[in-house]
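Coordinate inspection notes
So you can see what is in the structure, the chains are spelled out below.
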Amino acid sequence: MILEIQDIQTYYGDSYILQGISLHVPEKIVVGLLGRNGVGKTTLIRSIIGFTPPRKGRIIFKGIDITGLAPEQIARLGIGLVPQGRRVFPSLTVLENLIVAAQPKEPEGWSTESAFELFPRLKERTSYPAGKLSGGEQQMLAIARSLMENPDLLLMDEPTEGLAPMLVEHLGDVLRSLNEKGLSILLVEQNLNFTLRLADYIYVMTRGEIVYESSSEELLQNEEAKHLYLGV
Amino acid sequence: MSYWIVHLLNGISFGMVLFLMAAGLSLIFGLMRIVNLTHGALYLLGTYVALSINRFTNSFPLAVITGAFAIGILGILFQRLFLQRFQHEVRNQLLLTLGFVFIFADLALYIWGGEPRLLPKPVPFRESLWIGGVSFPSYRILIIFIGMIMAIALWLLLERTKVGALIRAGVDDAEMARGLGIKVPVLFTGVFGLGASISAFGGAIAGPIIGAYPGLEWEILLMALAVLLIGGLGSLKGAFVGSLFVGLADNFGKVLVPELALFIIFGSVAIVLAFKPTGLFGKTY
């Protein structure tokens, strides 16, 4: 297991959001987390990266207990983040967005060149302020930026949100190739079809709890679960 | 002619001193989201340290540099030992900086006394320059020159270096920056120290014209706040333009309509805020 979440409980102020979540991401596997708006998916990502640490429970990454560590410490252990809403640095150029995130790893780590190879569109925009990019370009930049950290695990929060269908397709191809190169991914999504195609294993969340888990094939067949938890 | 030139140069040079103070204040706000009220006291301490060093060494450049350096260290210590403990508690941080204004000011009063003090001008700049029958206050010109160089240096640091990009990333979105592994707390300390240091530098080079006296810490802070309200918080350009405006408005206000001098500055603040609440170049926070 690259990531083990053991019964975490997370609050936003006084509101009780994550009510005991346990979840595992095995190495080199894509794990999908599905659920509708407002069930706590983003809070789970925030708990893992340390933005909103859990009050109870433990988070183990590569055998290290990261519960309560500062976000920058957690990130430096090898967790990349593609957050909801992309959150590129709007006043930095495309190139600067990549440079500030870089944690070089010799010899075969990511560089700005290899990031631009993956997303040639970004190369044409090197010295543009990231705030002026289109939504699709910002998403590419957010992914490229997270790769510059040379992570072992990538946390992705609704990467398909607001993307045109063609871009969603391209994004799927990119994530598959990254996974084939050995990257583990925790993919948080509302897009069922996209997640079913990419993920090997799937968790479903409603109101702060995991209510269903199975392999993707199994969920694909399980009409009842799809209807009950995801409304399809 | 000479009359107007002198007042123009006075206004611009005071603007440069304000810029040195406001630039740090603005950067610290951009990154940490707090208005560092000690900034005026750090400015004043810079002048006092320079006064003492100048007396012992008789070297003006050494006095200015030592003042800037010592207050930079003081700023780092203050941030590390006190401010850092109250991360994410903006109100407590504000109260803490308010309390330290009094501590720093009383410390200055204890060490340097309550008499207004002026730093002697460095030797080659004591006389006015005469060009074509018009006299130019040479020390004012030196301040303008130094201020411009500092503005360019700060701009290069922020816009053209990796450290600058890291700081701007922190200003844009500090939480996200941390989530990418950027050591934002280290940036906080560094920027606080840098801000304290350039403010003290401004205080030291203004030593021969403004000097040092009890209460100056608030007067200069008030001016710098007017600068930031006009120029906008978190923007170096805003600090520069705002400083020039306030410097000139203060000088010409005092010359032309002395009874309305402060009103001109804060009336302008009100007008800018009415039409552009973020200031001329400010971002929305």
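Residues numbered from 1 in each chain as written. Chains lettered and ligands numbered in written order. Predicted model: local features only at pLDDT ≥ 70, side-chain atom pairs only at ≥ 80, totals over all residues. Heavy atoms only, no water.

As a further point, take the overall build of chain A. When helices and strands are counted, chain A shows 10 helices and 10 strands. Against the globule reference of 17 Å for 232 residues, chain A gives a C-alpha radius of gyration of 17 Å, in line with a compact fold. Each of the three principal axes of chain A carries a C-alpha extent, and together these read 45 × 35 × 35 Å. For chain A, with 232 residues in total, the buried portion stands at 53%. Computed over 22 positive and 29 negative side-chain charges, the separation of the two mean positions in chain A equals 5 Å. (Helix = DSSP H or I, 4+ residues; strand = E, 2+ residues; numbered from the N terminus. Rg over C-alpha atoms; globule rule 2.2 N^0.38 Å. Buried < 20%, exposed > 50% of the residue type's maximum accessible area, 1.4 Å probe, protein only. Lys, Arg positive; Asp, Glu negative; His and termini not counted. Charge placed at Lys NZ, Arg CZ, Asp CG, Glu CD.)

Residue and element names in this part refer to chain A. Running from amino to carboxyl end, helix 3 (residues 94-101) crosses helix 6 (residues 135-147) at an angle of 30°, the nearest separation of the two axes being 8 Å. Judged on the interaxial angle alone, helix 6 and helix 3 are roughly parallel. As for how helix 3 packs across helix 6, the hand of that crossing is right-handed. Contacts from Val94, Asn97, Leu98 and Ala101 in helix 3 reach Leu141, Ala144 and Arg145 in helix 6. When the residues that make up the contact of helix 3 with helix 6 are grouped by side-chain class, the tally is 5 nonpolar, 1 polar and 1 charged. (Axes fitted to C-alpha atoms, helices over the stretch in contact; angles between N-to-C directions. Parallel < 35°, antiparallel > 145°, perpendicular 65-115°, else oblique. Left-handed = near helix turned anticlockwise from the far one by under 90°. Contact = heavy atoms within 4.5 Å. Nonpolar A, V, L, I, M, F, W, Y, C, P; charged D, E, K, R; others polar.)

Let us now look at the nonpolar core. One finds Leu3, Leu44, Ile79 and Leu155 of chain A to be the most contacted residues of the largest nonpolar core, which totals 165 residues. With 17 residues, helix 1 (residues 2-32) of chain B is the single largest residue contributor to this core. (Core = buried A, V, L, I, M, F, W, Y, C linked by side-chain atoms within 4.5 Å.)

The next subject is unusual backbone geometry. Glycine aside, a negative phi is what most residues show, and trans is what most peptide bonds show. Phi at Lys28 of chain A is positive, roughly 60°, even though this residue is not glycine. Along the chain, Lys28 of chain A falls in the loop between strand 2 (15-25) and strand 3 (30-34).

Okay, the side chain of Lys41 of chain A next. All names here are of chain A. If you trace the backbone, Lys41 turns up in helix 1 (residues 41-49). Here Lys41 falls in the buried class, since its relative accessible area comes to 4%. If near-sequence neighbours (up to four positions away) are discounted, Lys41 is found in contact with Leu33, Leu34, Gly35, Arg36, Glu158, Val188, Glu189, Gln190 and Met205.

Before going further, it helps to spend a moment on a nonpolar patch on the surface. Residues Phe69, Ile73, Leu77, Leu81 and Phe82 of chain B make up a contiguous nonpolar surface patch of roughly 480 Å² in combined accessible area. Secondary-structure assignment places Phe69 of chain B in helix 3 (residues 60-81). (Patch = residues over 30% accessible without salt bridge, like charges linked within 9 Å, V, L, I, M, F, W, Y side chains within 5 Å. Areas by Shrake-Rupley, 256 points an atom, 1.4 Å probe, with all protein chains shown as cover. Salt bridge = Lys/Arg side-chain N within 4 Å of Asp/Glu carboxyl O.)

This paragraph deals with the pairing of strand 7 (residues 153-157) of chain A. Residues and elements named next belong to chain A. Taken across its 5 residues, strand 7 has 5 buried, putting it largely inside the fold. Both strand 6 (residues 79-82) and strand 7 contribute to a ladder of 4 bridges, which runs parallel. If you follow Gly80 over to strand 7, its bridge partner there is Leu154. For the crossover that starts at strand 7, traverses helix 7 (residues 165-180) and ends in the parallel strand 8 (residues 184-189), the hand is right-handed. (Pairing = 2+ DSSP bridges. Right-handed = clockwise from strand over helix to strand, strands pointing away.)

Before going further, it helps to examine the interface of chain A and chain B. In this assembly, 23 residues from chain A lie in contact with 19 residues from chain B. Here chain A and chain B share an interface that buries about 1,800 Å² over both sides, 56% of which is from carbon and sulfur atoms. Of all residues in chain A, the largest losses of buried area upon contact with chain B belong to Glu72, Phe89 and Val100 of chain A, amounting jointly to 32% of the total for that side. Run the count over chain A and chain B and you get 5 salt bridges. (Buried area = accessible area lost by both parts, 1.4 Å probe.)

Looking at the secondary structure, you find Arg125 of chain A in the loop between helix 5 (120-123) and helix 6. Non-local contacts of Arg125 of chain A, meaning those with residues more than four positions away in its chain, are made with Val94, Leu133 and Glu137 of chain A.

Let's shift gears to the layout of surface pockets. All names here are of chain B. Considered as a void within the structure, the largest pocket measures approximately 550 Å³ in volume. Around the largest pocket, the lining is made up of 25 residues, and of these Gln87, His88, Ala174, Arg178 and Phe188 lie nearest the centre. When contributions to the lining of the largest pocket are tallied by element, the ones reaching two or more residues are helix 1, helix 4 (90-112), helix 6 (162-172), helix 7 (174-179) and helix 8 (184-205). In terms of residue class, the lining of the largest pocket is made up of 12 nonpolar, 7 polar and 6 charged. (1 Å grid on protein atoms, 1.4 Å probe; cavity = no way out; pocket = protein on both sides within 12 Å on 5 of 7 lines; lining within 4 Å. Points joined across faces, edges and corners; volume = space filled by probe spheres on them.)

All names here are of chain A. Reading across from one edge, 6-7-8-3-9-10 is the order of the 6 strands in this open sheet, with mixed pairing throughout. Two strands close off the open sheet at either side, each with one partner strand: strand 6 and strand 10 (209-215). Going across the sheet, the axis of each strand differs from the next one's by a mean of 15°, ignoring polarity. Relative to strand 9 (residues 201-206), strand 3 runs parallel, the two being bridged by 4 bridges. Within the sheet, the bridge partner assigned to Gly32 lies in strand 9 and is Ile202.

Right, let's talk about the packing of helix 1 of chain B against helix 10 (residues 236-256) of chain B for a bit. Residues and elements named next belong to chain B. Contact geometry of helix 1 with helix 10 gives a least axis separation of 7 Å together with a crossing angle of 140°. Put simply, helix 1 runs oblique to helix 10. Between helix 1 and helix 10 lies a crossing whose hand is right-handed. Classifying every residue of the contact of helix 1 with helix 10 gives 19 nonpolar, 7 polar and 1 charged.

Here the focus is the packing of aromatic side chains. Residues and elements named next belong to chain B. Evaluated as defined, the whole model comprises 14 aromatic pairs over all chains. Aromatic side chains Tyr3 and Trp4 sit 5.3 Å apart centroid to centroid with 85° between the ring planes, which places their arrangement in the edge-to-face category. Classification of Trp4 as partly exposed rests on a relative accessible area of 44%. Each ring, one from Tyr48 and one from Trp112, has its centre 4.9 Å from the other, and the planes form 5°; the classification is stacked. Separated by 64 residues along the polypeptide, Tyr48 in helix 2 (residues 39-57) and Trp112 in helix 4 bring together distant segments of the chain. Considered together, Tyr48 and Trp112 belong to a single accessibility category, that of buried residues. (Phe/Tyr/Trp six-rings, centres within 6.5 Å; stacked < 30°, edge-to-face > 60°.)

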